[in-house]
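Take a look at the letters that make up each chain.
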Amino acid sequence: MEYVSRVPRPPLDGLIDDLYYLEGAPPYARLMLPPMPAALLIVNLGAPFRIRAGTDIETAEYADGCVVTMPTRAFEFGYPPGTRSVGVHFKP
């Protein structure tokens with residue numbers, strides 16, 4: 001899996017931690033992400049991915065992408081076999 005991350009130049013560096021590109025076969029099918037103090041934007045360029053928050057039984061599928069706004073609980077992120085996306089990690 002390829003993960004490329006870049007910090008933007010001013011003035012965006014005051015609002016954004018990094019911009020990233022992710023592509024390839026993930027080494028794992030699911031990833032548990034902890035609560036975060038800031039938002040995350042994911043633009044999906046490949047097969048749909050899945051997110052399940054907290055103790056929710058239902059998993060939501062995202063084909064185009066999503067915005068995760070300051071999650072207060074951990075969530076499970078499910079990668080497709082071949083993933084491709086770009087995203088933004090915003091500063092708190």
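Every value quoted in this text rests on a predicted model; they were computed, and no experiment measured them.

Q: How should I be thinking about the sheet that holds strand 9 (residues 83-90) in this particular structure?
A: In a beta sheet, neighbouring strands are held together by backbone hydrogen bonds and run either parallel or antiparallel to one another. One open sheet accounts for 5 strands, arranged 1-2-9-4-7; its pairing is antiparallel. Since the sheet does not close on itself, it has two edges, and those belong to strand 1 (2-6) and strand 7 (65-68), each with one partner. Along the sheet, successive strands turn relative to each other by an average axial angle of 15 degrees, direction set aside.

Q: For this particular structure, what's the right way to read the confidence of the model for the chain?
A: With 98% of its residues at a pLDDT of 70 or more, the chain shows a mean pLDDT of 91. Within the chain, the element-level pLDDT minimum falls on strand 3 (residues 30-33), averaging 88, and the maximum on strand 2 (residues 16-24), averaging 97.

Q: Sorry, what's going on with the sheet that holds strand 5 (residues 49-53) here?
A: Spatially, 4 strands are ordered 3-8-5-6 in an open sheet, and the strand pairing comes out antiparallel. One side of each edge strand has no neighbouring strand; the edge strands of this open sheet are strand 3 and strand 6 (60-62). Going from strand to strand, the sheet's axes swing by 25 degrees on average, the running direction of each strand aside.

Q: Would you explain the pattern of salt bridges in this entry?
A: Here the structure, examined in full by the defined rule, presents 3 salt bridges. The closest approach of N and O atoms between Arg50 and Glu61, which form a salt bridge, is 3.1 Å. Taken as a pair, Arg50 in strand 5 and Glu61 in strand 6 lie far apart in primary sequence, 11 residues in all. Salt-bridge contacts for Glu76 lead to Arg52; the nearest nitrogen and oxygen are separated by 3.2 Å. Taken together, the positions of Glu76 in strand 8 (residues 75-78) and Arg52 in strand 5 put the pair 24 residues apart, joining distant regions of the chain. A relative accessible area of 17% means that Glu76 is categorised as buried. Relative accessible area serves as the criterion here: at 28%, Arg52 is assigned to the partly exposed category. Salt bridges sharing common partners tie together Arg30, Arg52 and Glu76.

Definitions and limits used
- Residues numbered from 1 in each chain as written.
- Predicted model: local features only at pLDDT ≥ 70, side-chain atom pairs only at ≥ 80, totals over all residues.
- Heavy atoms only, no water.
- Pairing = 2+ DSSP bridges.
- Helix = DSSP H or I, 4+ residues; strand = E, 2+ residues; numbered from the N terminus.
- Axes fitted to C-alpha atoms, helices over the stretch in contact; angles between N-to-C directions.
- pLDDT = per-residue confidence, 0-100.
- Salt bridge = Lys/Arg side-chain N within 4 Å of Asp/Glu carboxyl O.
- Buried < 20%, exposed > 50% of the residue type's maximum accessible area, 1.4 Å probe, protein only.

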